[in-house]
Amino acid sequence: MANYQVPRGTQDLFGSEIRKWQRIELLVRQLTDVFGYQEIRTPEFEHTEVFNRENDSSDVVNKEMYTFIDKGERSLTLKPEGTAGIIRAFVENKMYANPDSPTKLFYLSPCFRYERPQKGRMRIHHQFGIEVLGDKNPMIDAEVISLGLSVVQSLGLKDLKVLINTLGDKDSRESYKTALKEHFKEPIGHFCADCQRRYQQNPLRILDCKIDHEDPAMISAPKLRDYLTDDSKAYFESVLKILKASDIDVEVNDKLVRGLDYYTHTVFEVVSVNADMGSQSTVFGGGRYDDLVKDFGGPELSGIGFGMGIERLLVALEAEKIDLTEEESSDVYIVSMGQEATEYAYQLANFLRLNGFVTDFDYYARSFKAQFKSAERKKAKVAIIIGEDEMKNGQAVLKKIDTQTQVTVAEGEILHQLSHWLDEEHIHDEFCDVETQGETHE
RNA sequence: GCGGUCGUGGCGAAGUUGGUUAACGCAUCGGAUUGUGGCUCCGACACUCGCGGGUUCGAGCCCCGUCGGUCGCCCCA
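Residues numbered from 1 in each chain as written. Chains lettered and ligands numbered in written order. Predicted model: local features only at pLDDT ≥ 70, side-chain atom pairs only at ≥ 80, totals over all residues.

The terminal C-alpha atoms of helix H1 (residues 15–35), which comprises 21 residues, lie 31 Å apart, in line with the 30 Å expected from a rise of 1.5 Å per residue. Inspection of H1 places Lys-20, Ile-24, Val-28 and Thr-32 among the buried residues, and these make up the whole buried set. What you see down the axis of H1 is that its buried residues fit within an arc of 95 degrees, all on one side. Facing away from the buried side of H1 by more than 90 degrees, the exposed set consists of Gly-15, Ser-16, Ile-18, Gln-22, Leu-26, Gln-30, Asp-33 and Val-34. Structurally, H1 contributes buried residues whose contacts are with strand E5 (103–112), strand E6 (124–134), helix H5 (138–154) and helix H11 (310–319). Gly-36 lies just past H1 and shows a positive phi near 85 degrees. (Helix = DSSP H or I, 4+ residues; strand = E, 2+ residues; numbered from the N terminus. Expected span 1.5 Å × (residues − 1). Buried ≥ 20, exposed ≤ 12 C-beta atoms within 10 Å, placed from the backbone. Arc of directions from axis to C-beta. Contact = placed C-beta atoms within 7 Å.)

Written out as structure tokens, the structure reads:
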């Protein structure tokens, strides 16, 4: 039998759920605009080597990519993250010629990873991200974090923690890695299976093992900070200083290393500390990359950015009981009686819509009761009632739902009456009631 | 990729040791109220109990497989 379920780890978005997405996307566009970031859209798939560069040992690029051969025998990969494609585009389009350096970009894009789904982790997930490309400057590091925080805080999130660390430049990181491997060479034998694997793939990850963190070898392990150059330390200090001056509380965590291999210097992660968040607690995370632009054949420019998972953001919002669903309301619901009136209702709805009123009516000539229930569900502000009498007299009954006031007007006066009620409502509600009471008939 | 758990109408949710017509609540539709919602009462509303196969006289209940959700690990947004 055919499988007509959504593929694992994907979802349909509609109804009230999609409204939350629209709210978030709108906010993202507003805030990036204020911060001076331009949108960039890169393809959903790239040549595989864009993502799968040598010396990248992360799981994201090694095990989780959707890679396929197209009909022209090309190896292509659905983007697992936002950064690589943007750096490729930055170099390919010579965007570094931008006189107003740094180049500040943002994106909203789906990302694809073959993983076991969980709450807050999908095979197709969506990221809002930014990248700033140009000469390295600690103010940029601070700005990037600040922008990300402003998005999540504007949405109302409070249970947040900013973790930050520095990995130093590429050379010091490499020599640290070598030192770690040397240190763990003996003791790794009695570590957990995951650590054995990390030893080979990403030794830095051994340090935040949850099982072996009490091990003496772990405690006596060399510290990354001992391998940092003076310049790296100074750079990190100034980033911290700027953040502090902008009242952003951060927690320096020297175990924070991040998953993608291209990071150098500043790395950060903003996590939700809410208990209902589950194990996928990172809302957004990113860092600086000194060598990526050069690796793609561009000039020696540094970059920094973050990726923010929209699905995860929604989980965090739910954990803090923040509801982004706005009550939708419409202007008019036309209640009609009989087939002739229903057809007239269609024409009237059309007319009102063309005049800018959000209008609904009933296509199926259901009972009055059902139609009023619909009007209520749609949060209509005014009901227009059209029955046999109104048809005959060329009139309509308008009922203002909140005050229950009702007037009978000639067909030609409907628009005028609606404007009167609905416009005044926006200006000063309290006077509206007083005035309309006088107009109540019956 | 590893381990646990779950999958019954649009939604929530009963379903006992396998036994004829698969509770109940919400929502929806109709009526009481032949032209006015939010209360009340009456009535209506399931081709597939995720899907496929097996055991059985008989399966939502048992067995196998499969798809999906969810939780933990790994990893990460």
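Additional details are given in the paragraphs that follow.
A word on the packing of H5 against helix H9 (residues 230–245). Packing of H5 against H9 leaves a shortest axis separation of 8 Å and a crossing angle of 45 degrees. If you check the angle between H5 and H9, you find them oblique. The element H5 and its partner H9 pack so that their crossing is right-handed. Taking contact as the criterion, the partners of Pro-138, Met-139, Asp-141, Ala-142 and Ile-145 in H5 are, on H9, Tyr-235, Ser-238, Val-239, Ile-242 and Leu-243. Tallied by class, the residues present in the contact of H5 with H9 amount to 8 nonpolar, 1 polar and 1 charged. (Axes fitted to C-alpha atoms, helices over the stretch in contact; angles between N-to-C directions. Parallel < 35°, antiparallel > 145°, perpendicular 65-115°, else oblique. Left-handed = near helix turned anticlockwise from the far one by under 90°. Nonpolar A, V, L, I, M, F, W, Y, C, P; charged D, E, K, R; others polar.)

In this model, chain A carries a mean pLDDT of 89, and residues with pLDDT of at least 70 account for 94%. Segment residues 428–442 is flagged for pLDDT under 50; beyond a separation of four residues in sequence, or across chains, it makes 15 contacts in the model. Taken together, the chains of this predicted complex give a pTM of 0.88 and an interface ipTM of 0.86. (pLDDT = per-residue confidence, 0-100.)

As a matter of local geometry, RNA strand B sits amid 58 residues, with Arg-8, Gly-259, Gly-309, Phe-372 and Gly-387 nearest to it. Among the elements that take part in the surface near RNA strand B, helix H13 (residues 368–377) stands out by supplying 6 residues, more than any other. The residue inventory of the surface near RNA strand B, partitioned by class, reads 16 nonpolar, 19 polar and 23 charged. (Near = placed C-beta within 6 Å.)

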